[in-house]
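One letter stands for each residue in the lines below.
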Amino acid sequence: MSAPTKGLSAGTWVIDPAHSTLQFSVRHLMVSKVRGRFTDFTGTLVVHPDGSADAEVQIKVDSVTTDNEQRDGHLRTADFFDAENHPVATFEATGFRPLSNDFSLTGDFTIRGNSHPVTLEVEFLGSGPGMGAPVAGFSATATINRRDFGITTDIPMADGGAVVGDKITLSLDVEVGLQS
């Protein structure tokens, strides 16, 4: 796919998990939001000599944390991520659209074996020499519907509404380092 790789050298750029965060938020009890993140993920951005690029990310869903052990355990069950049968969620980029210095990145997001196209609005934060190898940074956001990915568990509230909302907001801050 083509990508806005201005300022990035050709090669394989790898996500630095120590300087990256994959977060989400979802409505809870119809009145607040619960935030969570994944702590175990990998990914690459391969920039080709012609400036086009490919990108992919793998997320180990059992690394989910909302800072609540009971809730995290429930999220790992078949009610939500079904981590035992579907241990990895993936994103594989399929296209982009430049927006000034930023861009939108479209790709196939797969959770629980269900793939659905997702568009991330991406801000390119810049690139620099790093500590021994070039680095670059991006922030991205998207909104998905959990039902598109087979996460259809409903926990209704007595007065109407649901304990967990359908709309999930994704927020990513990613630093990549040039490996080759």
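Everything numeric in this text was worked out from a predicted model, so none of it was measured.

Draft legend 1. A look at the overall build of the protein chain. When helices and strands are counted, the protein chain shows one helix and 11 strands. Taking 16 Å as the expected radius of gyration for a compact globule of 180 residues, we find that the protein chain reaches 17 Å, a close match to that expectation. By principal-axis analysis of the C-alpha atoms, the protein chain measures approximately 55 × 30 × 30 Å. Across the 180 residues in the protein chain, those meeting the buried criterion constitute 39%. Partitioning the intrachain contacts of the protein chain with sequence separation of at least 6 by distance along the chain shows that 57% fall at a separation of at least 24. Only carbon and sulfur atoms are counted for the fraction: they give 52% of the accessible area of the protein chain, which is about 9700 Å². Looking at the protein chain, you have 13 positive and 23 negative side-chain charges, and the mean spots of the two groups are 7 Å apart.

Draft legend 2. Molecular detail of the side chain of T153. Among the secondary structure elements, T153 is positioned in the loop between β10 (135–145) and β11 (164–178). Residue contacts for T153: discarding those within four places in its chain leaves D79 and R146.

Draft legend 3. Highlighting a nonpolar patch on the surface. Judged by side-chain polarity, L29, M30 and V31 come together as a nonpolar surface patch covering roughly 280 Å² of accessible area. You can call L29 partly exposed: its relative accessible area is 37%.

Parameters and conventions
Residues numbered from 1 in each chain as written. Predicted model: local features only at pLDDT ≥ 70, side-chain atom pairs only at ≥ 80, totals over all residues. Heavy atoms only, no water. Helix = DSSP H or I, 4+ residues; strand = E, 2+ residues; numbered from the N terminus. Rg over C-alpha atoms; globule rule 2.2 N^0.38 Å. Buried < 20%, exposed > 50% of the residue type's maximum accessible area, 1.4 Å probe, protein only. Contact = heavy atoms within 4.5 Å. Areas by Shrake-Rupley, 256 points an atom, 1.4 Å probe, with all protein chains shown as cover. Lys, Arg positive; Asp, Glu negative; His and termini not counted. Charge placed at Lys NZ, Arg CZ, Asp CG, Glu CD. Patch = residues over 30% accessible without salt bridge, like charges linked within 9 Å, V, L, I, M, F, W, Y side chains within 5 Å. Salt bridge = Lys/Arg side-chain N within 4 Å of Asp/Glu carboxyl O.

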